[in-house]
Amino acid sequence: MTAKKERLEKVLSNLGYGARKDVGYWVRSGWLTIDGELAKSASQKVFPSQVMLEGKALDHPHGLTLIYHKALATVCSRKENGRLIYADFPERWLGRKPALSSVGRLDKDTSGLLILTDDGALNHQLTSPKHDISKTYAVTLAEPLKGDEVEKLASGTLMLDADDRPCKVAELEVTGESTANLVLHEGRYHQVRRMFAALGNHVVALERIQIGMLSLASLNLEIGGYRTFESDELLQMIVEKKA
Ligand code: URA
C-alpha cells in the first residue's frame, strides 16, 4: 500500500481510532504529535507513519494482513448466525478503511488457516485462478473410504449437485480408514463437503491445514490466534515454486 499524505483526521478515522470530530479534541488536548512536534490542526496533511497518539505509533498505518487460526463454530460473515471471527481481533481494526476482510471463507463447522487483509491486490493474487494457490484440508469422514476416491477426485470429471461444470483435478492423500488430506485448486461453496457427498460419504470434521506452501503446523498458532505480516512477506510464504 503506497503511503500518501492525508488530513490527520482522515488518517486516524481510517485506522479506526475514532470519528473525525474526536481528532480536533485530541489535537487541542496535545495528545497527537507529528514527527515529535505537537499537531497543529486536525486538517494538517501527514503521512500516517509521522503520527503518534499519546506517545504511541499508529497501529499498522500502511495496511493490515494477518494469518488467523479459525476456531470451530465461528463465522466469517455477518450474514451467518454465530460468533464472528472478527471478535478475536482488536476492536479498532473493525473501524478501519479499507476494511479488513477474509480471503475466501471457511464454514462455521470448519477450522484452520484463514488469511485476512485490507490489501485488495493481495486478496486478488491469492484468489485469482491464474495464480493457482492450492488449499489443503484434513478431512474426517463418517464412513470408511471405499478405495476409488483418489481416482475420482483426480479425474477432473466429478460433478457437484447444482453446479454446471466438473470440479478441477484434486489430490487426495489417504491418512487413515476414514481420514484424508485433500488438495483443492479452486474454491466453491462448501466444496469439500459437497465433493465427499458426491462420492457417497459425509464429512464429519474439516480443517484447512495449508494454503499454498504455508502450513498451519509451521505457524504454531493457538486456536483463535493470529499473526500479522507484510503483504509481500505473506505472499512469499504461500506461493508455490513451479518447477
Ligand atoms: N470446503 C468446505 O466444505 N468448507 C469449507 O469451509 C472450505 C472448503
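See the structure printed just above.
Attention in this report is confined to the structure presented alongside it. (Residues numbered from 1 in each chain as written. Predicted model: local features only at pLDDT ≥ 70, side-chain atom pairs only at ≥ 80, totals over all residues. Heavy atoms only, no water.)

Near the ligand the following residues occur: Leu106, Asp107, Thr110, Tyr137, His190, Gln191, Val192, Arg193 and Leu206. In the environment of the ligand, an oxygen atom lies 3.3 Å from a nitrogen or oxygen atom belonging to the backbone of His190. Contacts to the ligand include Val192, whose backbone N or O atom sits 3.0 Å from a nitrogen atom. Considering the ligand on its own, with 240 Å² of exposed area, one finds that the protein chains cover 96% of that surface. Here the element with the most residues in the shell around the ligand is helix H5 (residues 191-198); it accounts for three residues. Its residues assigned to classes, the shell around the ligand comprises four nonpolar, three polar and two charged. Split by domain, the residues of the shell around the ligand number at least three in each of domain 2 (65-129 + 214-238) and domain 3 (134-211). (Near = heavy atom within 4 Å. Polar contact = N/O pair within 3.5 Å; in protein donor to acceptor, adjacent residues only side chain to side chain. Areas by Shrake-Rupley, 256 points an atom, 1.4 Å probe, with all protein chains shown as cover. Helix = DSSP H or I, 4+ residues; strand = E, 2+ residues; numbered from the N terminus. Nonpolar A, V, L, I, M, F, W, Y, C, P; charged D, E, K, R; others polar. Domains from an automatic or database assignment.)

Okay, the sheet that holds strand S5 (residues 51-53) next. Read across the sheet, four strands follow the order S3-S2-S5-S6 without closing on themselves; strand pairing throughout is antiparallel. Only two strands of the sheet have a single partner each, and these edge strands are strand S3 (37-38) and strand S6 (56-57). Where S5 and S6 come together, two bridges link them in antiparallel fashion. Paired with Met52 across the strands is Ala57, a residue of S6. (Pairing = 2+ DSSP bridges.)

Quick look at the packing of aromatic side chains now. Under the criterion given, the structure shown has six aromatic pairs. Taken together, a centroid distance of 5.6 Å and an interplanar angle of 85° make the contact between Tyr25 and Trp31 edge-to-face. You can call Trp31 partly exposed: its relative accessible area is 33%. Grouping aromatic residues by their ring pairs yields a cluster made of Tyr68, Tyr86, Phe89, Trp93 and Tyr226. (Phe/Tyr/Trp six-rings, centres within 6.5 Å; stacked < 30°, edge-to-face > 60°. Buried < 20%, exposed > 50% of the residue type's maximum accessible area, 1.4 Å probe, protein only.)

Inspection of helix H3 (residues 120-127) places Leu122, Asn123 and Leu126 among the buried residues, and these make up the whole buried set. In a view along the axis of H3, the buried residues occupy a sector of 100°, so they form one face of it. Exposed positions of H3 whose direction lies more than 90 degrees from the buried face are Gly120, Ala121 and His124. Elements in contact with the buried residues of H3: strand S7 (65-70), strand S10 (101-102), strand S11 (110-117), strand S12 (135-141) and helix H7 (231-238). The N-capping residue of H3, defined by a side-chain oxygen 3.0 Å from the backbone nitrogen of Ala121, is Asp119. (Arc of directions from axis to C-beta. Contact = heavy atoms within 4.5 Å.)

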